Amino acid sequence: MLLTVFLFTVMDALAKGLAARYDTFQVVWARYTSQTLIAVLILLPRLKPVLKTRYLGLQLIRSAFLFAATICFFFGIVLVGLAQSSAIMSINPMLITIGAFLILGEPFGIRRALGVAFGLLGALIIIRPGGEVFSLAALLPVVSACCYAGYALSTRFLGREESVWTSFLYTALIGTVIASLIVPLFWTTPTLTDAGLMLLLGLVGGAGQLSLIKALTIAEAGAIAPFAYAGP
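This one's a predicted model, so the numbers in the text were calculated from it and none came from an experiment. (Residues numbered from 1 in each chain as written. Predicted model: local features only at pLDDT ≥ 70, side-chain atom pairs only at ≥ 80, totals over all residues. Heavy atoms only, no water.)

**Q** Looking at this structure, how should I read the packing of helix α4 (residues 56–79) against helix α8 (residues 139–159)?
**A** Angle between the axes and distance between the axes are the two parameters that describe a pair of packed helices. Running from N to C, α4 and α8 cross one another at 150°; their axes reach a closest spacing of 8 Å. Viewed along their axes, α4 and α8 adopt a mutual orientation that is roughly antiparallel. As α4 packs across α8, the resulting crossing turns out to be left-handed. Seen from α4, the contacting residues are L58, Q59, R62, F65, L66, A68, A69, C72, F73, F75, G76 and L79; seen from α8, they are L140, P141, V143, S144, C147, Y148, G150, Y151, S154, T155, F157 and L158. Split by residue class, the contact of α4 with α8 holds 17 nonpolar, 6 polar and 1 charged. (Axes fitted to C-alpha atoms, helices over the stretch in contact; angles between N-to-C directions. Helix = DSSP H or I, 4+ residues; strand = E, 2+ residues; numbered from the N terminus. Parallel < 35°, antiparallel > 145°, perpendicular 65-115°, else oblique. Left-handed = near helix turned anticlockwise from the far one by under 90°. Contact = heavy atoms within 4.5 Å. Nonpolar A, V, L, I, M, F, W, Y, C, P; charged D, E, K, R; others polar.)

This is the structure:
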């Protein structure tokens with residue numbers, strides 16, 4: 001989970017830089033498409049069995065959650081700023097912990113309850129409702145946090161039943177298909193350097209996502225969610 005936090009932080013910084021030169025939809029497309037290319041190359045010898053799933057509907061919903069979280073957060077980075085968006089996004093560990101208790105039946109003892117309470121207090125101090133940070137655009141990272149929590153909880157559920165690589169590949173494929181339908185409207189041909197950065201964006205984001213899926217496969221969502229506070 002700590003590795004996930006580190007990799008997602010690097011991905012967010014790359015996205016912030018690219019979004020200054022290209023439309024946000026194109027940055028999202030680059031993130032998913034490069035991840036899909038890398039995933040297909042890695043999994044090519046066993047692509048067919050990896051694509052088999054007993055929970056196609058849930059895989060699609062889960063992938064849609066992450067795509068929506070990515071779109072909202074990347075736009076939040078552009079409109080609100082990286083630091084402010086990350087601060088607002090810090091509510092997601094609380095949403096995951098509470099959701100894991102209500103939906104997945106994970107334990108919710110006094111320590112987790114106190115963790116949620118102090119986490120909420122810290123988030124409110126950072127966000128400052130009514131202050132300049134909390135604007136209409138600040139709702140984007142709020143929606144992102146909610147969608148990310150839905151993604152984490154559905155990933156935790158599927159982690160009990162499906163291969164890590166199956167969940168990883170479906171997320172990449174669904175995101176790529178949706179983004180590819182949108183990106184022609186906002187396309188700008190990237191420079192060679194920026195094309196390399198876009199590839200790196202997908203590589204880092206994919207590695208972070210794979211690490212997160214693995215973490216949620218072997219540990220309770222409520223137990224590892226607070227480690228997200230290790231981020232900036």
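**Q** Explanation requested: the packing of aromatic side chains in the structure shown.
**A** What describes a pair of aromatic rings is the distance from one ring centre to the other and the angle between the planes of the rings. What the rule picks out here adds up to 7 aromatic pairs. With centroids separated by 5.2 Å and ring planes inclined at 70°, the aromatic side chains of F25 and F75 adopt a geometry described as edge-to-face. With F25 in helix α2 (residues 24–43) and F75 in helix α4, this residue pair connects regions lying 50 residues apart in the sequence. Accessibility expressed as a relative area gives 21% for F25, which makes it partly exposed. Summarising the aromatic geometry, the rings of W165 and F168 are spaced 5.7 Å apart at their centres and angled 90° between planes, so their arrangement reads as edge-to-face. Note that W165 and F168 are positioned in helix α9 (residues 164–182) at a spacing of 3 residues, about one turn of the helix. The class for F168 is buried, based on a relative accessible area of 5%. Of the aromatic side chains, those joined through ring pairs into one cluster are F25, F75 and F186. Note that R31 overlies the ring of Y32, its terminal NZ or CZ placed 4.8 Å from the centroid. (Phe/Tyr/Trp six-rings, centres within 6.5 Å; stacked < 30°, edge-to-face > 60°. Buried < 20%, exposed > 50% of the residue type's maximum accessible area, 1.4 Å probe, protein only. Lys NZ or Arg CZ within 6 Å of the ring centre and 35° of its normal.)

**Q** Any chance you could explain a nonpolar patch on the surface here in plain terms?
**A** Together, I98, F101, L102, I103 and F108 make up a nonpolar patch on the protein surface, roughly 490 Å² of accessible area in all. With respect to the helices and strands, F101 occurs in helix α6 (residues 92–102). (Patch = residues over 30% accessible without salt bridge, like charges linked within 9 Å, V, L, I, M, F, W, Y side chains within 5 Å. Areas by Shrake-Rupley, 256 points an atom, 1.4 Å probe, with all protein chains shown as cover. Salt bridge = Lys/Arg side-chain N within 4 Å of Asp/Glu carboxyl O.)

**Q** Would you explain the nonpolar core in this entry?
**A** Across soluble globular proteins, you tend to see nonpolar side chains buried next to one another. Of all hydrophobic cores here, the largest spans 52 residues; its most connected members are V27, F74, I96, Y148 and L201. At the level of elements, α1 (2–19), α2, α4, α6, α8, α9, α10 (192–218) and α11 (221–224) are the ones that each hand at least two residues to this core. Beyond its immediate stretch of four places on either side in the chain, I96 contacts Y148, A149, A152, L153, A221 and A225. (Core = buried A, V, L, I, M, F, W, Y, C linked by side-chain atoms within 4.5 Å.)

**Q** How should I be thinking about the environment of T4 in this particular structure?
**A** Summarising the element assignment, T4 is placed in helix α1. The sequence separation of T4 and G206 amounts to 202 residues, and the corresponding C-alpha distance is 9.9 Å. Apart from the residues lying within four places of it in its own chain, the contact partners of T4 are G208, S211 and L212. In terms of polar contacts, T4 uses its side chain to reach the backbone carbonyl oxygen of G208, at 3.5 Å. (Polar contact = N/O pair within 3.5 Å; in protein donor to acceptor, adjacent residues only side chain to side chain.)

**Q** Looking at this model, I keep getting lost on the packing of α9 against α10. Mind explaining?
**A** Across the interface, α9 lies against α10 with an axial gap of 10 Å and an inter-helix angle of 140°. As far as their axial angle goes, α10 and α9 are oblique. Crossing geometry of α9 relative to α10 is assigned as right-handed. Here V164, W165, S167, F168 and T171 of α9 come into contact with α10, specifically with G206, Q209, L210, I213, K214 and T217. Residue composition of the contact of α9 with α10, grouped by class: 5 nonpolar, 5 polar and 1 charged.

Structural measurements only, silent on function.
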